Amino acid sequence: MSKSYNIAVLPGDGTGPEVVAEGVKVLKAVAAAENLSLDFTEYDFGGERYLRTGEVIPETAVSDLQKHDGIFLGAIGHPDVKPGILEKGILLKLRFELDQYINLRPIKLLPNVETPLKDKGPEEIDYVIVRENTGGIYTGTGGISQKGTEHEVAMQTMVYSRHQVERCLRFAFEYTRKRNKRKTLGLVGKTNVLTYVFDLWERVFHELGEAEYPDIKREYYHVDAACMWMVKSPEWFDVLVTTNMFGDIITDLGAITQGGMGIASGGNINPEGVSMFEPIGGSAPKYTGQGIINPLAAIGAAGMLLENLGEDAAAKRVENAVAKALQNDIQSLAAGKMGMSTSQVGDKIAEYAAS
Ligand code: IPM
Ligand code: MN
């Protein structure tokens, strides 16, 4: 009997629906080839729905999504909605309430993809960033008092519990072991200034590493220096682990070194629950509806979703098909410069993935 999975699809805003459609196309092709049964349920969360109804997300959203085996998300963010409303009300709310405490962002340069890093190729750019995804400044308390006066005060605090730190580091150690490349985990922090939060991170890092992961080499980088080395010597890295805010920043830097937002995918992972996969670029409103946006990041996210379901052969098909399309068909990763339309890219990859 074929294995079956329920996938929630959240196309979202801007070009989200266009790229998600290609991801679903590829998932369907792979499912047929691997004899999997995938059942898709679409949810219309995003800016259009909010502008129409005044509701960001229905109350039942989280419990509905929890019933699925995986979530495939396009993009959240609408030019007519004030920044923060949709991002906090949908994307961050889902990450937090579904307890997706890991944001997994592979930084991998594929053959035939241009990188802005001089003299670096696929051999040198191949590592993974594990970003803590449900804590830190993103969820610490804060507020503004006496707003609008010259005495106003704004604060937003970075808060981490040992529990949050430990589960994130444990995931990172396990991931490094499973990846089995250089068996090296680098902690990215700021122990020279943020002496409370990173004291905790650093202590737990070494305690856990020493007690349970003696096979994994431990390294430490200050976040500013890490940015420098990500450009100068990316080949040093195997797996990096960091806080939510630092991870947000350094993964965009990493993404541009692997060819940019057209190809960067990520997963919001709850190892004990339901996980959500997305292209990490935004909704790119200016390209909406033209059929010129690059769907590779979304297709890559679909591949990560399959891997998360334990369907390694299916995930491998997606990976190989993307590599083949980059080899044979796609001229450039930039929107409008691919030499083919969004749906033609999806067609090609679906064809390759099925064969
Ligand atoms: C990301 C995004 C989000 C984040 C925004 C849109 C809330 O930048 O996924 O990296 O800051 O996490
Ligand atoms: Mn970001």
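Residue positions within a chain follow its written sequence, with the count starting from 1. Chains carry letters from A onward and ligands carry numbers from 1 onward, assigned in written order. In keeping with the predicted nature of the model, local features appear solely for residues at pLDDT of at least 70, side-chain atom pairs appear and are counted solely at 80 or more, and the whole-chain, interface and lining totals rest on all residues. Note that water and hydrogens are dropped before the side-chain values are worked out from all heavy atoms of the structure.

**Q** So what's going on with the layout of surface pockets? Residues and values would help.
**A** Here the largest pocket is characterised by a volume of approximately 1,300 Å³. With a 1 Å grid spanning the protein atoms alone, the term cavity applies to any set of points in which a 1.4 Å probe fits but cannot get out, the term pocket to an open set with protein on both sides within 12 Å along at least five of seven lines, and the term lining residue to any residue with an atom within 4 Å of a point. In terms of lining, the largest pocket is formed by 34 residues, of which the most central are Pro106, Tyr175, Met304, Glu307 and Glu319. Looking at the lining of the largest pocket, the elements with two or more residues in it are strand E4 (102–108), strand E5 (126–132), helix H5 (162–179), strand E11 (265–269), helix H9 (296–308) and helix H10 (312–328). Basically, the charged four are Asp, Glu, Lys and Arg, the nonpolar ten are Ala, Val, Leu, Ile, Met, Phe, Trp, Tyr, Cys and Pro, and anything else, Gly included, counts as polar. Within the lining of the largest pocket, the residues separate by chemical class into 16 nonpolar, eight polar and 10 charged. Grid points are joined across faces, edges and corners, and a volume is the space filled by probe spheres set on the points. In this description a helix means any DSSP run of H or I spanning at least four residues, a strand means any run of E spanning at least two, and both kinds are numbered starting from the N terminus.

**Q** So what's going on with the nonpolar core? Which residues, and what values?
**A** Ranked by size, the top nonpolar core spans 85 residues in total, and within it Phe72 and Trp201 carry the most contacts. Domains are outlined according to an automatic or database domain assignment. For this core, the two domains that each supply at least three residues are domain 1 (1–114 + 259–355) and domain 2 (136–258). Here, the term nonpolar core denotes a set of buried Ala, Val, Leu, Ile, Met, Phe, Trp, Tyr and Cys residues that are joined through side-chain atoms within 4.5 Å. Each residue gets one of three labels from its accessible area relative to the maximum for its type: buried under 20%, exposed over 50%, partly exposed in between, using a 1.4 Å probe on protein chains only.

**Q** Describe the pairing of E5, and please don't skip the residues or the numbers.
**A** Most of E5 sits inside the fold, with seven of its seven residues counted as buried. Along E5, one buried face is formed by Asp126, Val128, Val130 and Glu132 and the opposite face, lined by Tyr127, Ile129 and Arg131, is buried too. Direction of pairing for E4 relative to E5: antiparallel, over a ladder of seven bridges. In the strand pairing of E5, arginine 105 is matched with isoleucine 129. Any two strands are treated as partners once DSSP identifies two or more bridges connecting them. Strand direction decides the pairing type here: E5 and strand E10 (residues 239–242), joined by four bridges, are parallel. Bridging across to E10, arginine 131 finds its partner in threonine 242.

**Q** Run through the side chain of arginine 167, naming residues and quoting values.
**A** By secondary structure assignment, the location of arginine 167 is in helix H5. Residue arginine 167 is classed as buried on the basis of its relative accessible area of 16%. With residues up to four places along the chain from it excluded, the contact list for arginine 167 reads Asp99, Tyr101 and Thr134. Any two residues whose heavy atoms approach within 4.5 Å are treated as being in contact.

**Q** Account for the domain arrangement of the protein chain, with residues named and values stated.
**A** Here the domain parsing of the protein chain yields domain 1 (1–114 + 259–355) and domain 2 (136–258). Using C-alpha coordinates to define each centre, domain 1 is positioned 25 Å away from domain 2. On the domain 2 side, the residues contacting the 20 residues of domain 1 number 13 residues. In total, domain 1 and domain 2 occlude about 1,500 Å² of area from one another, counting both sides; carbon and sulfur atoms represent 62% of this. In the sections that follow, a salt bridge refers to a side-chain nitrogen of Lys or Arg positioned within 4 Å of a carboxyl oxygen of Asp or Glu. On inspection of domain 1 and its partner domain 2, the count reaches one salt bridge. Residues aspartate 99 and arginine 167 are paired through a salt bridge, measuring 2.9 Å at the closest nitrogen-oxygen approach. In short, buried area is how much 1.4 Å probe accessible area vanishes from two parts on joining, totalled over both.

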